[in-house]
Amino acid sequence: MPIITEDKGSGRLEIIKEITGNNSNNSNDWIKKMYDDITKASAAKQITIGGVSGWCAGYLFSKVGKAAATALGGSLLLIQLAQHRGYIKINWTKVEREFNSASHTVETTARNSNWEEYLESTKQFVKDNAFLASGFGGGFLIGLAS
């Protein structure tokens, strides 16, 4: 519903922004509207949409994961080979010190985050959208296997 303002000269622009949805305050409204439409759809449509989106996510996760593992493993292999041949010298004491520092930072961050809150919101989402979530889960597993 358009909002009519009494500003001199800018009233028409405000109406156009409301009608077209180009209001900067409501940049994520189209996502909310689409999500609301999906949750009000039939169970079959929810399972289909969840399955297709899950398959896409699983397939991409599989391909990107393989590429990342190959790149990481290959780079570690090359670093070890170069160090063994004498091309580079690695200060293992400094590496261990930096690793321990990073590990401590990750542990502190993990302890300070609200995992329980995230878990509860995820549980509530799955309860509210059981068909969509089960379709996504199944599609994700199929996508991983593809």
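Look above for the structure.
Report on the accompanying structure. (Residues numbered from 1 in each chain as written. Predicted model: local features only at pLDDT ≥ 70, side-chain atom pairs only at ≥ 80, totals over all residues. Heavy atoms only, no water.)

## Considerations on the overall build of the chain
Here is step 1: Per the secondary structure count, the chain includes six helices and zero strands.
Here is step 2: Buried residues in the chain amount to 10% of all 146 residues.
Here is step 3: Just so you have it, the chain exposes about 12,000 Å², and 63% of that area is on carbon and sulfur atoms. (Helix = DSSP H or I, 4+ residues; strand = E, 2+ residues; numbered from the N terminus. Buried < 20%, exposed > 50% of the residue type's maximum accessible area, 1.4 Å probe, protein only. Areas by Shrake-Rupley, 256 points an atom, 1.4 Å probe, with all protein chains shown as cover.)

## Considering helix H3 (residues 43-85)
Here is step 1: The end-to-end C-alpha distance of H3 is 62 Å, a good match for the 63 Å that 43 residues give at a rise of 1.5 Å each.
Here is step 2: Within H3, burial applies to Gln-46, Gly-50, Gly-51, Gly-54, Gly-58, Ser-62 and Ala-82.
Here is step 3: Check the buried side of H3 and you find it contacts helix H2 (29-39) and helix H6 (130-145).
Here is step 4: Within two residues after H3, Gly-86 carries a phi angle of roughly 95°, on the positive side. (Expected span 1.5 Å × (residues − 1). Contact = heavy atoms within 4.5 Å.)

## Considering the pattern of salt bridges
Here is step 1: Taken as a whole and judged by the stated rule, the model has two salt bridges.
Here is step 2: With a closest N to O distance of 3.5 Å, Arg-111 and Glu-107 form a salt bridge. Taken together, the residues Arg-111 and Glu-107, both in helix H4 (residues 92-112) and four residues apart, mark about one turn of the helix.
Here is step 3: On the basis of relative accessibility, which here comes to 40%, the residue Glu-107 falls in the partly exposed class.
Here is step 4: Its salt-bridge partner being Lys-123, residue Glu-120 comes within 3.9 Å of it at the nearest N-O pair. Taken as a pair, Glu-120 and Lys-123 lie in helix H5 (residues 115-128) at a separation of three residues, close to a single helical turn. (Salt bridge = Lys/Arg side-chain N within 4 Å of Asp/Glu carboxyl O.)

## Some points on the packing of H5 against H6
Here is step 1: Where H5 contacts H6, the axes come no closer than 5 Å and their chain directions differ by 105°. The orientation of H5 with respect to H6, classified from their angle, is roughly perpendicular. Along its contact with H5, which presents Phe-125, Val-126, Lys-127 and Asp-128, the element H6 presents Ala-130, Leu-132 and Ala-133.
Here is step 2: Here the contact of H5 with H6 is composed, by residue class, of five nonpolar, no polar and two charged. (Axes fitted to C-alpha atoms, helices over the stretch in contact; angles between N-to-C directions. Parallel < 35°, antiparallel > 145°, perpendicular 65-115°, else oblique. Nonpolar A, V, L, I, M, F, W, Y, C, P; charged D, E, K, R; others polar.)

## Things to note about the side chain of Ser-62
Here is step 1: Position of Ser-62 among the secondary structure elements: in helix H3.
Here is step 2: Given the relative accessible area of 9%, Ser-62 is considered buried.
Here is step 3: In contact with Ser-62, other than residues within four places in its own chain, are Gly-143, Leu-144 and Ser-146.

## Quick word on a nonpolar patch on the surface
Here is step 1: A cluster of nonpolar side chains, Trp-55, Tyr-59, Leu-60 and Ile-142, forms an exposed patch at the surface whose accessible area comes to about 400 Å².
Here is step 2: Ranked by residues supplied to the nonpolar patch, first place goes to H3 with three residues.
Here is step 3: Tracing the backbone shows Leu-60 in helix H3. (Patch = residues over 30% accessible without salt bridge, like charges linked within 9 Å, V, L, I, M, F, W, Y side chains within 5 Å.)

## Considering the environment of Thr-39
Here is step 1: Checked against the element boundaries, Thr-39 lands in helix H2.
Here is step 2: As for Thr-39 and Ala-130, which are separated by 91 residues in sequence, their C-alpha atoms are 9.9 Å apart.
Here is step 3: Residues in contact with Thr-39, not counting those within four places in the same chain, are Gln-46 and Asn-129.

## Topic: the packing of aromatic side chains
Here is step 1: By the definition in use, this model includes three aromatic pairs.
Here is step 2: Seen from their ring centres, Trp-55 and Tyr-59 are 5.3 Å apart, and the 20° between their planes marks the pair as stacked. On the criterion of helical spacing, the pair formed by Trp-55 and Tyr-59 is a turn pair, its members being four residues apart in helix H3.
Here is step 3: Judged by relative accessible area, which is 35%, Trp-55 ranks as partly exposed.
Here is step 4: With a centroid separation of 6.2 Å and 20° between ring planes, the pair formed by Phe-136 and Phe-140 is classed as stacked. With Phe-136 and Phe-140 both in helix H6, this residue pair falls four residues apart, about one helical turn.
Here is step 5: Residue classification places Phe-140 among the partly exposed residues on the basis of a relative accessible area of 23%.
Here is step 6: Taken together, the ring pairs connect Phe-61, Phe-136 and Phe-140 into an aromatic cluster. (Phe/Tyr/Trp six-rings, centres within 6.5 Å; stacked < 30°, edge-to-face > 60°.)

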